[in-house]
Amino acid sequence: MAKILIADDSETILLLLRTRLEMEGHEVATAVDGQGVVDKVDAANPPDILLLDAMMPGKSGIDALRELRAAGVETPVLIVSAHTEGDNGTDHADLAIDGYISKPIDFEALFAKIAELAD
Amino acid sequence: MLTGLAVIGVARFLQQRQDYENATARSYQREIVARNRLAQGRHPAAARAAVISQQRRRQELRDEISSETRDTALLVGAGLIAGLTGAALLFTGLISSMRRPLEDLVDASGRLAGGDLDTRVKVGGLSETATLGGAFNEMAEELQRRAGERDQLDRMKDEFVLTASHELRSPLTSVQGFAELLLLEREKLTPKQAETVEVILDNTRHLVRLLNDLLDLARSDAGRLTIRPEQTGATGLIEDAVRTMRAQLDARGQELSLEIEPDLPQIEADRDRIRQVLVNLLTNANEYCPQGAKIGVKARRVDAEVEIDVIDDGPGIPEQQLEHIFERFSRGDAGETQRVGGTGLGLAISKSLIDLHGGTIGAESTPGEGSTFRIRLPTIASNRVEAI
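For the structure given in this document, a descriptive report is provided here.

### Some thoughts on the packing of aromatic side chains
Residues and elements named next belong to chain B.
Thought 1: Applying the stated criterion across every chain yields a total of 2 aromatic pairs over all chains.
Thought 2: Ring centres of Phe-326 and Phe-373 lie 6.2 Å apart, and the angle between their planes is 80°; this geometry places the pair in the edge-to-face category. Of this pair, Phe-326 sits in the loop between α7 (319–322) and α8 (334–340) while Phe-373 sits in strand β7 (residues 370–378), and the two are 47 residues apart along the sequence. Each member of the pair Phe-326 and Phe-373 is classed as buried.

### Overview of the pattern of salt bridges
Side chains that differ in sign of charge can pair as their charged atoms come close.
Thought 1: With the rule as written, the count across this model stands at 33 salt bridges over all chains.
Thought 2: Here Arg-66 of chain A and Asp-63 of chain A are joined by a salt bridge, their closest N and O atoms 3.7 Å apart. Of this pair, Arg-66 of chain A and Asp-63 of chain A both sit in helix α3 (residues 61–70), separated by 3 residues, roughly a single helical turn.
Thought 3: Residue Arg-66 of chain A is classed as partly exposed on the basis of its relative accessible area, which comes to 38%.
Thought 4: Judged by relative accessible area, Asp-63 of chain A falls into the partly exposed class, the value being 34%.
Thought 5: Note that Asp-216 of chain B is salt-bridged to Arg-273 of chain B, the shortest N-O span being 3.2 Å. Residue Asp-216 of chain B is found in helix α4 (residues 191–221), and its partner Arg-273 of chain B is found in helix α6 (residues 271–288); the two are separated by 57 residues along the sequence. Like Arg-273 of chain B, Asp-216 of chain B is buried.
Thought 6: If you follow the salt bridges from partner to partner, you end up with Arg-300, Glu-305, Glu-307, Asp-309, Arg-374 and Arg-376 of chain B in one network.

### Some remarks on the nonpolar core
One recurring pattern in soluble globular proteins is that nonpolar side chains are buried together.
Residue and element names in this part refer to chain B.
Thought 1: Core analysis: the biggest nonpolar cluster contains 41 residues, and Leu-282, Val-297, Ile-308 and Ile-375 have the highest contact counts within it.
Thought 2: Mapped by element, the contributors of at least two residues to this core are α5 (234–251), β3 (266–269), α6, β4 (294–302), β5 (305–312), α9 (346–356) and β7.
Thought 3: When residues no more than four places from it in sequence are discounted, the contact partners of Ile-375 are Val-277, Leu-278, Leu-281, Val-306, Glu-307, Ile-308, Ile-354, Thr-360 and Ile-361.

### A word on a nonpolar patch on the surface
All names here are of chain B.
Thought 1: There is a patch of nonpolar side chains on the surface, built from Phe-91, Leu-94, Ile-95, Met-98, Leu-102 and Leu-132 and spanning about 500 Å² of accessible area.
Thought 2: When residues in the nonpolar patch are grouped by element, the largest group, 5 residues, is from helix α2 (residues 44–113).
Thought 3: As for its position among the elements, Leu-132 is in helix α3 (residues 127–184).
Thought 4: By relative accessible area, which is 42% here, Leu-132 ends up partly exposed.

### Observations concerning the interface of chain B and chain A
Thought 1: Between chain B and chain A, the residue contacts involve 18 residues of the former and 19 residues of the latter.
Thought 2: Interface area for chain B against chain A, summed over the two sides, is near 1800 Å², with a carbon-plus-sulfur share of 59%.
Thought 3: The largest per-residue losses of area from chain B upon contact with chain A belong to His-166, Thr-173 and Arg-228 of chain B, which jointly make up 29% of the total buried on that side.
Thought 4: Counting across the chain B and chain A interface gives 1 salt bridge.
Thought 5: With a shortest N-O distance of 4.0 Å, Arg-20 of chain A and Glu-180 of chain B are connected by a salt bridge.
Thought 6: Linking chain B with chain A are 2 residue pairs in polar contact (both at pLDDT 80 or more).
Thought 7: Breaking the side of chain B that touches chain A down by element, the ones donating at least two residues are α3 and α4 of chain B.
Thought 8: For the side of chain B that touches chain A, the element with the most residues is α3 of chain B, which contributes 11 residues.
Thought 9: Taken together, the residues of the side of chain B that touches chain A break down into 5 nonpolar, 8 polar and 5 charged.

### Regarding the sheet that holds strand β6 (residues 360–366) of chain B
Residue and element names in this part refer to chain B.
Thought 1: Read across the sheet, 5 strands follow the order β2-β4-β5-β7-β6 without closing on themselves; strand pairing throughout is mixed. The strands lining the two open edges of the sheet, one partner per strand, are β2 (255–260) and β6. Across this sheet, the average inter-strand angle for adjacent strands is 15°, counted without regard to direction.
Thought 2: The strands that α6 touches are β2, β4, β5, β6 and β7; relative to β7, the one it contacts most, it runs at about 175°.

### Some details on the packing of α6 of chain B against α9 of chain B
Residues and elements named next belong to chain B.
Thought 1: Following both chains from N to C, one finds α6 and α9 inclined at 150°, their axes separated by 10 Å at the closest point. If you check the angle between α6 and α9, you find them roughly antiparallel. The two elements α6 and α9 cross, and the hand of that crossing is left-handed. Between α6, through Arg-273, Ile-274, Gln-276, Val-277, Asn-280, Leu-281 and Asn-284, and α9, the contact on the second element is made entirely by Gly-346, Leu-347, Ile-349, Ser-350, Leu-353 and Ile-354.
Thought 2: Class assignment of the residues belonging to the contact of α6 with α9 gives a composition of 7 nonpolar, 5 polar and 1 charged.

### Observations concerning the environment of Gly-316 of chain B
Residue and element names in this part refer to chain B.
Thought 1: Among the structural elements, Gly-316 can be located in the loop between β5 and α7.
Thought 2: In sequence terms Gly-316 and Glu-369 are 53 residues apart; their C-alpha atoms lie 6.0 Å from each other.
Thought 3: Apart from the residues lying within four places of it in its own chain, the contact partners of Gly-316 are Ser-365, Thr-366, Pro-367, Gly-368, Gly-370 and Ser-371.

### Side note on the environment of Ile-13 of chain A
Thought 1: Structurally, Ile-13 of chain A is set in helix α1 (residues 11–23).
Thought 2: Judged by relative accessible area, which is 0%, Ile-13 of chain A ranks as buried.
Thought 3: Apart from the residues lying within four places of it in its own chain, the contact partners of Ile-13 of chain A are Asp-8 and Lys-103 of chain A together with Ser-170, Thr-173 and Ser-174 of chain B.

About the cut-offs
Residues numbered from 1 in each chain as written. Chains lettered and ligands numbered in written order. Predicted model: local features only at pLDDT ≥ 70, side-chain atom pairs only at ≥ 80, totals over all residues. Heavy atoms only, no water. Phe/Tyr/Trp six-rings, centres within 6.5 Å; stacked < 30°, edge-to-face > 60°. Helix = DSSP H or I, 4+ residues; strand = E, 2+ residues; numbered from the N terminus. Buried < 20%, exposed > 50% of the residue type's maximum accessible area, 1.4 Å probe, protein only. Salt bridge = Lys/Arg side-chain N within 4 Å of Asp/Glu carboxyl O. Core = buried A, V, L, I, M, F, W, Y, C linked by side-chain atoms within 4.5 Å. Contact = heavy atoms within 4.5 Å. Patch = residues over 30% accessible without salt bridge, like charges linked within 9 Å, V, L, I, M, F, W, Y side chains within 5 Å. Areas by Shrake-Rupley, 256 points an atom, 1.4 Å probe, with all protein chains shown as cover. Buried area = accessible area lost by both parts, 1.4 Å probe. Polar contact = N/O pair within 3.5 Å; in protein donor to acceptor, adjacent residues only side chain to side chain. Nonpolar A, V, L, I, M, F, W, Y, C, P; charged D, E, K, R; others polar. Pairing = 2+ DSSP bridges. Axes fitted to C-alpha atoms, helices over the stretch in contact; angles between N-to-C directions. Parallel < 35°, antiparallel > 145°, perpendicular 65-115°, else oblique. Left-handed = near helix turned anticlockwise from the far one by under 90°.

Structural measurements only, silent on function.
In structure tokens:
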């Protein structure tokens, strides 16, 4: 099972994600903003997957990812966005994003994506 | 001025006529007095001479008045002709000096009506046309100002809908997520509790659908509804949509027949968006048709297009509703929509999406017999449209 770091500025959504992911047997760490993500990722021992909310106050998920990528962290990333496809604007091709998850979350699709990335 | 001359002439003629009649009347009176004297035998020689003299006098008056009348008539005629000629010349000048500004105005009105709100006319010439031109420019100014305000309001509305649907999405994610979580432990819930959670979930999904529809509509209005077309097979897309709908169709005991021509050519389409349109059409058929209805999907090649029909044998759509069916918030009749739910936006969005693909969508229906919705999508890669 995978080590997953999730970040969202909503405590409720963090609780939901953590509960569902732990029920699936994953090991979950959480952060409430982009800075928390940067702080919690140990470049030497990074999580298997990052699940980041695109928009958070302060440092966004995208900003945090940009910093991590610059520091050489190559962990697979899923971006959770309140926008549905089409509003993500640029594809951030330089950030090697592995997929977008839109809200409300389709958990079956999320689990499938995680299984694919954790392999 | 020459017209004035003619008027003076006429006045003079009338005065001469009056003088002539007065003089003639006096001459008759004098002749009558002379004739009385003659009849009474008083100074007969002088009386006879007076009668003759008065007759001669009237003859002179007649000669005089006719020559004067002729002169006056000539004067009046000359005056009139000169006056009319002058008026005609003046009128021609007036017309030509009005015609140009009026033609400009007609031209400018046409451009304004055509949407060119920058249109203005040159103000000048006669005071009347200048006033008209000034009024036209003021009107154009006002129209432009109002159009600007309206555009700004539209932008604010679009931004509001985009922001609102974004902000609503997070709490909805929680509601739906936790309701799903509860249902995962269904065995620990009483039947009543499980049913309650299902109601919450149903309504949450409905809200999400409404939100997605509103978002698509706002995007469409803001010119931000986009498609990502790729070469794809129509057959797979149709089968996908049917698979998505299978459970709902089965739940109402509706029979679905699929008739897809073999070897359909590839189309250039955004798979998710075309699937969305097909699912929307099938959802409508599913919801508006009674239990056990027959629903069919047919696809075939027609010239350079793939034609997809979604056919049902349901209640059909009255003609006056059919005309407006692709307009937003156009719904079936009130009784039906109470039962059916939905947002009244699905077909409007479907139309926007098919338009973006360079295709067409239309509907035919016979009340009591059923409806057919027909999509046509081009097979040739000629529609790389990114936004409307």
